[in-house]
Amino acid sequence: QVQLVESGGGLVQAGGSLRLSCAASGRTFNYYAMGWFRQTPGKEREFVAGISWSGGRIYYADSVKGRFTVSRDNAKNMVFLQMNSLKPEDTGVYYCAAKFDPYKTYTTKDPYDYWGQGTQVTVSS
């Protein structure tokens, strides 16, 4: 089992920045691909960013490319999502997710085995 806890959400004005953190505990963090997703009421949970265990493979949703940066610190069992130039449409509950895979990362939600409880991000216009 892997437990994931997100933090860092909040209310920010458009154009501002937030840094989300995801702390993992339980089994070793090594060899887990990690992803960030977000969800708003009435919509499907959508992919935001994904990073492989080594950090060598990183993917972003088109809507966040150039504004968001995903990173990880395996020594500290942490994953981060730096969000800059935030827009009102970035509002939602942000979740981190984990899947055991030493080589790849994933851009859809189905492969992920473990999820955090989410952190709310609200961007005001």
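Please refer to the structure placed before this passage.
So, how was this worked out
- Residues numbered from 1 in each chain as written.
- Predicted model: local features only at pLDDT ≥ 70, side-chain atom pairs only at ≥ 80, totals over all residues.
- Heavy atoms only, no water.
- Disulfide = S-S within 2.5 Å.
- Helix = DSSP H or I, 4+ residues; strand = E, 2+ residues; numbered from the N terminus.
- Buried < 20%, exposed > 50% of the residue type's maximum accessible area, 1.4 Å probe, protein only.
- Contact = heavy atoms within 4.5 Å.
- Polar contact = N/O pair within 3.5 Å; in protein donor to acceptor, adjacent residues only side chain to side chain.
- Pairing = 2+ DSSP bridges.
- Axes fitted to C-alpha atoms, helices over the stretch in contact; angles between N-to-C directions.

With the rule as written, the count across this model stands at one disulfide. For cysteine 22, the disulfide goes to cysteine 96, at an S-S distance of 2.0 Å. Between cysteine 22 and cysteine 96, the disulfide has an S-S torsion of 50 degrees and is therefore right-handed. Here cysteine 96 lies in strand β9 (residues 92-100) and cysteine 22 lies in strand β3 (residues 18-26), a separation of 74 residues in the sequence. The buried category is assigned to cysteine 22, whose relative accessible area is 1%. Cysteine 96 sits in the buried class, given a relative accessible area of 0%.

What follows deals with the environment of lysine 87. Looking at the element boundaries, lysine 87 is found in the loop between β8 (78-83) and β9. Take lysine 87: its relative accessible area is 34%, and that puts it in the partly exposed class. Filtering out sequence-adjacent residues up to four positions away, lysine 87 remains in contact with Arg67 and Val123.

Bringing the side chain of aspartate 90 into the picture now. With respect to the helices and strands, aspartate 90 occurs in the loop between β8 and β9. A polar contact is formed between the side chain of aspartate 90 and the backbone nitrogen of lysine 87, at a distance of 2.8 Å. Beyond its immediate chain neighbours, meaning those up to four positions away, aspartate 90 contacts Arg38, Arg67, Phe68, Ser85, Val121 and Val123.

In this section: the sheet that holds strand β7 (residues 68-73). Here we have four strands laid out as an open sheet, ordered β1-β3-β8-β7, and antiparallel in their pairing. Looking at strand neighbours, the two that pair on one side only are β1 (2-7) and β7, the edges of this open sheet. Between one strand axis and the next, the sheet turns by 15 degrees as a mean value, whatever way the strands run. Pairing geometry for β7 and β8, over six bridges, is antiparallel. Across the sheet, serine 71 pairs through a bridge with phenylalanine 80, a residue of β8.

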